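# Structure assessment
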Protein chains: 2
Amino acid sequence: MRLSTKAQYAVRAMVRLNLEQKDSPVSIREISTHENISLTYLEQLFAKLRRGKLVRSVRGPGGGYILARPAADIKVDQIIDSVEETLIPVSCMDEFGNCACSDQCVTHTVWQELGERIRGFLSSVSIEDLTNDARARIHRQREEQRKTE
Amino acid sequence: MRLSTKAQYAVRAMVRLNLEQKDSPVSIREISTHENISLTYLEQLFAKLRRGKLVRSVRGPGGGYILARPAADIKVDQIIDSVEETLIPVSCMDEFGNCACSDQCVTHTVWQELGERIRGFLSSVSIEDLTNDARARIHRQREEQRKTE
DNA sequence: GCATTCCTGAGCATTACTGTCAACTATTAA
DNA sequence: TTAATAGTTGACAGTAATGCTCAGGAATGC
Ligand code: FES
Ligand code: FES
C-alpha cells in the first residue's frame, strides 16, 4: 500500500515549483537541485504533468515550467492521476466501484469505501495548502537558527 | 497505491472462515475452493495469520482453522498487518509519522495524514461487519433467483 | 550559430509480487 | 499402531513493476 516514488516526486516537484515561481518559469534543473531528484527522471515526470495540463512549458534559455492554473486549484489527487498511478486499492475495481464479481465478492465494500476515502482526502489538499505549510516550516526553521546563534 | 493480493486474499479468507465456521474448524482446502485461491498460497498466508494471533489451528483429521477471537474484535487493519503489508503510503515514514527529514520535506503532512486516515478507516471495519455484509448479499442473490424462476 | 532548455523513446538493473514444489512434523480416528 | 489428515517450512522461479539512465532531438532566445 505504498505510493510509488513517481507520485511522491511529482507532488514534491509541484510544491517546489510553486515555492520558487515568481514571474519567470522555473527550470527543471532548479527543482532537481532543491528536491534532490535525478534530473532525467524529473523530465519524464514533467512530460506527464504537462500532458495532464497541470503545468505549461517554456522552451529556450530562461525557460522552464509554470503552473497551468492557480495553486489553489491544483489538488494532490490530480497530480497523482497525471503520473498514472491509481488511487484504487484493488486491481479488480474501476473508478466507479464496478467489479466483475461485485455480488459474490465478500470484500467489495471495504475496498470501494477505502478508495473513496483516499480520493476524498487527496482531492481536498491543494498545492497551495502544501506550499503554505512548507513556508511556515521554513520560517520556523529560521527562528530556531536565530535562537541558537 | 494498490494492496497486494496477499492482503486482499487474507481478508477474503478471514471472512470466508467466519462464514463457514460453525463449531468445528474450517480446513484451508474448503476456503481454497470457496474463494478460488491457490491452496499452497493460502497455507503461507495462514501461517502469518496464525503468528499474528488472529487464527488458531487444529491439527489432525477434521482439523483446520478457527478465529482466535470473536469476529467483531478482528479488524481489517490487523489482518493486513499480519501478512506484513504496510499501510503507510511512503517508505521514508515510520508508523509514528517520523521521517529523517521531517523539517525540510514539503510533503510530510499530506502523507502522514493520509496514512492516518487509511489506518483509521480499516481499523473501524471488523470481520463481522464484512460477514454480515456478505450474508445479506447472498440472501439478496437467492431472492433474485427465486423471482426469475 | 550557439548555449540553454524542454522533449522523446529506448533500454536496463533491481526489486517485489505471486505462486509452486517438496519434504517434514504434528495430531488423532479407527 | 497406523494411516489419514492437516499444518509447517524453506527454497525457488517466472513475471511484472519500479526507478532510473542514456542518447539524442527540437524549440527558443541571445
Ligand atoms: S471483485 Fe473486486 S472487490 Fe470484489
Ligand atoms: S521525509 Fe518522509 S514524508 Fe518527508
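Just above, that's the structure.
Quick notes on the rules
- Residues numbered from 1 in each chain as written.
- Chains lettered and ligands numbered in written order.
- Predicted model: local features only at pLDDT ≥ 70, side-chain atom pairs only at ≥ 80, totals over all residues.
- Heavy atoms only, no water.
- Core = buried A, V, L, I, M, F, W, Y, C linked by side-chain atoms within 4.5 Å.
- Buried < 20%, exposed > 50% of the residue type's maximum accessible area, 1.4 Å probe, protein only.
- Contact = heavy atoms within 4.5 Å.
- Near = heavy atom within 4 Å.
- Polar contact = N/O pair within 3.5 Å; in protein donor to acceptor, adjacent residues only side chain to side chain.
- Helix = DSSP H or I, 4+ residues; strand = E, 2+ residues; numbered from the N terminus.
- Nonpolar A, V, L, I, M, F, W, Y, C, P; charged D, E, K, R; others polar.
- Buried area = accessible area lost by both parts, 1.4 Å probe.
- Salt bridge = Lys/Arg side-chain N within 4 Å of Asp/Glu carboxyl O.
- Arc of directions from axis to C-beta.

Before going further, it helps to spend a moment on the nonpolar core. Across soluble globular proteins, nonpolar side chains show a tendency to be buried alongside one another. Residues A:Phe46, A:Trp111, A:Leu122, B:Phe46, B:Trp111 and B:Leu122 are the most contacted members of the largest nonpolar core, which totals 88 residues. Apart from the residues within four sequence positions on either side, B:Phe46 is in contact with B:Ala13, B:Leu17, B:Ile28, B:Ile31, B:Val55 and B:Tyr65.

Bringing the protein's contact with DNA strand D into the picture now. Contacts to DNA strand D come from 23 residues, most closely from A:Ser38, A:Gln44, A:Arg59, A:Pro61 and B:Arg50. Within 4 Å of the protein, atoms of DNA strand D come from sugar and phosphate in 74% of cases. Side-chain polar atom of A:Thr5 to a sugar or linking oxygen of DNA strand D: 3.2 Å apart, as the coordinates give it. Within the side chain of A:Tyr9, one N or O atom sits 3.3 Å away from a phosphate oxygen of DNA strand D. Contributions of two or more residues to the surface near DNA strand D are made by α1 (5-20) and α3 (39-51) of chain A together with α3 (39-51) and β2 (64-67) of chain B. For the surface near DNA strand D, the residue count by class is 6 nonpolar, 11 polar and 6 charged.

Turning our eyes to something else, we now look at the interface of chain A and chain B. Counting residues at the interface gives 41 residues for chain A, matched by 41 residues for chain B. Taking both partners together, chain A and chain B bury about 3700 Å²; carbon and sulfur atoms supply 65% of that area. Connecting chain A to chain B are 0 salt bridges. One can count 13 residue pairs in polar contact (both at pLDDT 80 or more) joining chain A with chain B. Broken down by secondary-structure element, the contributors of at least two residues to the side of chain A that touches chain B are α1, α4 (76-82), α5 (108-122) and α6 (127-148) of chain A. Here the side of chain A that touches chain B gets 10 residues from one element, more than from any other, and that element is α5(A). Its residues placed into classes, the side of chain A that touches chain B shows 22 nonpolar, 9 polar and 10 charged.

Here we take up helix α2 (residues 28-35) of chain A. All names here are of chain A. Every buried residue of α2 is listed here: Ile28, Ile31, Ser32 and Glu35. One side of α2 carries all its buried residues, which in axial view fall inside an arc of 105°. Opposite the buried face of α2, at more than 90 degrees from it, the exposed residues are Arg29 and Thr33. Its buried side turned inward, α2 meets α1, α3 and β2 (64-67).

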